[in-house]
Amino acid sequence: MANNNEILCRLCREAGLGMSQSSDFEVLSQAICDSTGEKLGVNTLKRLFGFKTGRVAPRLSTMNIIARYLGYTDYESLIKDLGEDADISLFTPIDCIEVETLEPGTKLRISYEPKRVLTLTYTGDFVFVVDAVEGSRNILAGDSLTISQFAVGHRLVAARVVRNGENLGSYESAKFEGLKSVEVIA
């Protein structure tokens, strides 16, 4: 990201926060939403500031929201103001879906080895219902999975699996090669 430190400093000044405790990120998330009408999740902000592991390059849409919060029309305008080349190719593409940005009813298809494919419907509060399964005997159609993020190349982690009203515990898969694909299908 172009001049990451300057952008983060501007965010802190605009919000009047030190970004040193968890509640600061909640306040900043709400302030951004109040100001722009757009939502940036607490975990996204924590990753941006380096307070959460699993750091990935921020999406252009995330940086556009931050730029609007700081009074610019978009990220390109912000980095031009910083005196830098507005080459948005600075972002490393990553196939990642932040669950907090999804609307209930969104359908996803994920795949991982060995030849596993899950079709999921998001119901809200990080919960997905499994619509269809190919190749897995552990996860079944109708199961509810609590998942916070999907990222290609990273493992699939469900904090909770519920089947027929019974909590089966957590579930982890794609441990060695990670997810092969993640796509929104509807």
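Refer to the structure printed above.
For every chain, the first residue of its written sequence is number 1, and the numbers climb from 1 along that sequence. Only residues with pLDDT of at least 70 get local features here, since the model is predicted, and only at 80 or more are side-chain atom pairs given and counted; chain-wide, interface and lining totals rely on the full set of residues. Only hydrogens and water are set aside when side-chain values are computed; all heavy atoms of the structure are taken into account.

1. Comments concerning helix H2 (residues 22-36)
Rules: Strands here are runs of E lasting at least two residues and helices are runs of H or I lasting at least four, both read from the DSSP assignment and numbered beginning at the N terminus. Expected span of a helix, by definition, is 1.5 Å for each gap between consecutive residues, and there is one gap fewer than residues. Burial classes follow relative accessibility: with a 1.4 Å probe on protein chains only, a residue under 20% of its type's maximum area counts as buried, one over 50% as exposed, and anything between as partly exposed. In this description, the arc belongs to the directions extending from the helix axis to the C-beta atoms.
In a regular helix each residue adds 1.5 Å, so 15 residues correspond to 21 Å; H2 covers 22 Å between its end C-alpha atoms and thus fits that length. If you check which residues of H2 are buried, you get Asp24, Phe25, Leu28, Ser29 and Ile32. Projection of H2 onto a plane perpendicular to its axis shows the buried side chains occupying an angular sector of 135°, all on one side. Phi turns positive, to about 80°, at Gly37, one or two residues after H2.

2. A look at the sheet that holds strand S3 (residues 116-124)
To keep it simple, the criterion reads: Whether two strands pair comes down to DSSP finding at least two bridges between them. An axis is simply a line fitted to the C-alpha atoms; with a helix, the fit covers only the stretch in contact. Between two such axes, the angle follows the N-to-C directions and lies from 0 to 180 degrees.
Strand order across the open sheet formed by seven strands is S8-S7-S5-S4-S3-S2-S9, with antiparallel pairing between neighbours. Of all strands in the sheet, those bounded by a partner on one side alone are strand S8 (166-173) and strand S9 (181-184). For this sheet the average axis-to-axis angle between neighbouring strands, irrespective of direction, equals 30°. Note that strand S5 (residues 144-146) and strand S7 (residues 156-163) share three bridges and pair antiparallel. If you follow Thr146 over to S7, its bridge partner there is Arg160.

3. Thoughts on the environment of Gly37
Within the element layout of this structure, Gly37 appears in the loop between H2 and helix H3 (42-48). Placed 28 residues apart in sequence, Gly37 and Ile65 show a C-alpha to C-alpha distance of 9.4 Å.

Honestly, it's all geometry; don't read function into it.
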